[in-house]
Amino acid sequence: MIRRVFAPLLAALVLLTGAAQGAQAAGYRYWSFWERQGDTWVYATQGPSLARPSDGDVQGFRFAVSEDSKDATQPRGAAEFAVICARTPAEDGKKRIALVIDFGTAADAPSGETPPARRTACARVAPDATTAEALAAVAKPLRYDTNALLCAITGYPQKGCGDQVSGGGETGKPTAAGRTATAAEDDSDGGLSLGLVAGIAVVVVLGAAAVWQARRRGDG
């Protein structure tokens, strides 16, 4: 009897666990920000409005659908400072920043929009200029949200900013640095989500009630 009672309860717990895991697999459409180190793109740890690259640095932006920084899509194509800034001579009191702007693929584009072709640009700006200022010098208009998240470069996309495009419940939004702050990252102990804990609690209570009832019938 008890075994027959717990079988469906265990199945319910498995379903709750799967649902909670599925709800966290949300994708977001946004501009990610990258820094070039040698021949490798490295995800930026600061947003473009805070990063202050040095003369000769290469910075990259890629528009795509990603869950977070661990699966973010890198800018495509060559990214050599000497090539990008070949026609922009050095100037006293200025620094040159090579920028790679990858507008992504049609699959990642918002409905009704077509991504422009990938482009590169060499920004010659003041020595203390941020990446955002360098980008503004060569790729206007830019659009930001109230949290300093970069929403559009040269007007693409025309609307939206870090919009969720897949997955179950909304688990987070991209940060100003482009990373997605998820519910799992917000839990300081890295524990289970509140919804999953509540579901487990319900299963435990129902299980206890079923066992008590089964024993009562047995005694009767």
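Residues numbered from 1 in each chain as written. Predicted model: local features only at pLDDT ≥ 70, side-chain atom pairs only at ≥ 80, totals over all residues. Heavy atoms only, no water.

Undergrad: Quick one: what's the story with the confidence of the model for the protein chain, residue by residue and with numbers?
TA: Residues at a pLDDT of 70 or more form 64% of the protein chain, whose mean pLDDT is 79. Scored below 50 in pLDDT, residues 9-24 makes 18 contacts in the model with residues more than four places away or belonging to other chains. In the predicted structure, residues 182-206 sits below a pLDDT of 50 and forms 19 contacts with residues beyond four places in sequence or in another chain. (pLDDT = per-residue confidence, 0-100. Contact = heavy atoms within 4.5 Å.)

Undergrad: Can you lay out the nonpolar core for me, pointing to particular residues and giving the numbers?
TA: Residues Trp-31, Phe-61, Leu-99, Ile-101, Leu-135 and Ile-153 are the most contacted members of the largest nonpolar core, which totals 20 residues. At the level of elements, strand 1 (27-37), strand 3 (58-66), strand 4 (95-102), strand 5 (119-125) and helix 3 (131-138) are the ones that each hand at least two residues to this core. It is strand 4 that contributes the most residues to this core, three residues altogether. In contact with Ile-153, other than residues within four places in its own chain, are Trp-31, Phe-61, Ile-101, Phe-103, Leu-135, Ala-139, Pro-141 and Leu-142. (Core = buried A, V, L, I, M, F, W, Y, C linked by side-chain atoms within 4.5 Å. Buried < 20%, exposed > 50% of the residue type's maximum accessible area, 1.4 Å probe, protein only. Helix = DSSP H or I, 4+ residues; strand = E, 2+ residues; numbered from the N terminus.)

Undergrad: Explain the state of the cysteines residue by residue, including any values.
TA: Under the defined criterion, the tally for this structure stands at two disulfides. Across the disulfide from Cys-85 sits Cys-122; the S-S distance is 2.1 Å. Taking the sign of the S-S torsion, about 100° here, the bridge from Cys-85 to Cys-122 comes out right-handed. Highlighted residues: Cys-85 in the loop between helix 2 (81-84) and strand 4 and Cys-122 in strand 5, separated in sequence by 37 residues. Neither Cys-85 nor Cys-122 differs from the other in exposure class; each is buried. Between the sulfur atoms of Cys-151 and its disulfide mate Cys-161 the distance is 2.0 Å. Taking the torsion about the sulfur-sulfur bond, which here is approximately -75°, the covalent link between Cys-151 and Cys-161 counts as left-handed. (Disulfide = S-S within 2.5 Å.)

Undergrad: Break down the packing of aromatic side chains for me, with residues and values.
TA: Tallied over the entire structure, the rule returns six aromatic pairs. Seen in terms of ring centroids, Trp-34 and Tyr-43 are 4.8 Å apart; in terms of plane orientation they differ by 70°. Their pairing is edge-to-face. On the basis of relative accessibility, which here comes to 4%, the residue Trp-34 falls in the buried class. Relative accessible area serves as the criterion here: at 13%, Tyr-43 is assigned to the buried category. Look at Phe-63 and Tyr-156: their rings are 5.3 Å apart centre to centre, the planes differ by 70°, and that puts the pair in the edge-to-face class. (Phe/Tyr/Trp six-rings, centres within 6.5 Å; stacked < 30°, edge-to-face > 60°.)

Undergrad: Describe in detail the pattern of salt bridges, supporting the description with residues and values.
TA: By the definition in use, this model includes three salt bridges. Notably, a salt bridge pairs Arg-62 with Asp-102, separated by 3.6 Å at the nearest N-O pair. Of the two residues, Arg-62 is situated in strand 3 and Asp-102 in strand 4; the sequence distance between them amounts to 40 residues. A salt bridge links Glu-91 to Arg-124, with the shortest nitrogen-to-oxygen separation between them at 3.7 Å. Taken together, the residues span a long stretch of sequence, with Glu-91 in the loop between helix 2 and strand 4 and Arg-124 in strand 5 at a distance of 33 residues. (Salt bridge = Lys/Arg side-chain N within 4 Å of Asp/Glu carboxyl O.)

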